[in-house]
Amino acid sequence: MLYTAIGHQVLDPLTRDPRKADAYRLDPYMREGLGSLARMHDPDVLNRYTFVVLKPDAVAGRRCELILGILRSKGWHPVAATTVRFDPLLVRELWRYQFNAASAQRIAVVDPLLSSGRSLLILLEDRNRPTWLPASVRLTAAKGSAEPSAAHSGDLRTRIGRINGLFNFMHTADEPADVVRELQLFSYQSGWDWCADPLFGTAASTADPRETVMSLLAELEAETPAHDLDLAACIRRLARRPGPWGACARDWPESGHVEDWLGLLRRTPLPDGSARWDVLTVLTSWIDCNEEGVLPILATGTADAWRTGTAHVATQEVTYA
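Residues numbered from 1 in each chain as written. Predicted model: local features only at pLDDT ≥ 70, side-chain atom pairs only at ≥ 80, totals over all residues. Heavy atoms only, no water.

Quick word on the packing of aromatic side chains
Inspection of every chain in the model, using the stated rule, returns nine aromatic pairs. Aromatic side chains Phe86 and Trp95 sit 5.9 Å apart centroid to centroid with 20° between the ring planes, which places their arrangement in the stacked category. Overall, Phe86 belongs to the buried group, its relative accessible area being 2%. The rings of Phe51, Phe86, Trp95 and Phe186 are connected pair by pair, giving a single aromatic cluster. Here the basic side chain of Arg39 rests over the ring of Phe200, its NZ or CZ set 3.8 Å away from the ring centre. In this structure, Arg138 packs its charged tip against the face of Trp76, placed 3.8 Å from the ring centre. (Phe/Tyr/Trp six-rings, centres within 6.5 Å; stacked < 30°, edge-to-face > 60°. Buried < 20%, exposed > 50% of the residue type's maximum accessible area, 1.4 Å probe, protein only. Lys NZ or Arg CZ within 6 Å of the ring centre and 35° of its normal.)

In structure tokens, the structure reads:
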């Protein structure tokens, strides 16, 4: 048989969601990712390691060093890093099982946002996890919701000052199964050499992982101007600009309806530099992120599911996180 589904004996240790297991058995990225990771030297690698993607909004908002400091304080230590650039296809395939619940407004904004610059992809070793809890699951639980309405004071995203449902700064994989699938998706740009030392036990690199992270971060910050991501300040700055975006801002609040701005987005390229982030701040602040009453195909997992072995319970929230 040429097309072989992944066996349950392979997927069961990687997810606690039977629906995800069923979907991933035939998912091409999952199948290919398991093939790519077949040479892992340690069967516990997928429990000890996870990753974080610091998105362009984290770079523009200068949240990256803060995020890295908080992660280290909680036991997640960088061991390798590279950069990736989101495009529309990567966005839709990475969130293939959640994008069904995204609103048309969110779909219109997410591509110009995530394509605004390179993102920093960092492999993390979890040195504080309990033995029963994978690194990816512990980080997902600690990160908190992308939506401010579901925030808790101790969430990582609350501590780094998330702005709204799209300016949430970081993406992580929910479970070990997602680590496999998503690293495979990123590998089409990045390859595997960047993380070969920790994952495959190749000859140890002499490079300091922290120095690698900080060097890449310096590159990204040189490419993207610092921005306050403040809605009122963005509208004031845009109102001083010539052209259609300035006219729209000067007519605010009469033109404050988000569909006016989305219509302009469909017709007019975003401005360059800081003004791009002015427009993105306005759009992400005003849109409705999710389709009312629509559940994602696969829900975000929970640490309790790993503690108890029970299946995840679907929620209405869909996050690009």
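Some details on the sheet that holds strand S4 (residues 170-172)
Read across the sheet, four strands follow the order S2-S3-S1-S4 without closing on themselves; strand pairing throughout is antiparallel. Each edge of the open sheet carries a strand with a single partner, namely strand S2 (76-84) and S4. For this sheet the average axis-to-axis angle between neighbouring strands, irrespective of direction, equals 25°. As paired elements, S2 and strand S3 (residues 119-126) share eight bridges and run antiparallel to each other. When the sheet's bridge partners are listed, Val84 is paired in S3 with Ser119. (Pairing = 2+ DSSP bridges. Helix = DSSP H or I, 4+ residues; strand = E, 2+ residues; numbered from the N terminus. Axes fitted to C-alpha atoms, helices over the stretch in contact; angles between N-to-C directions.)

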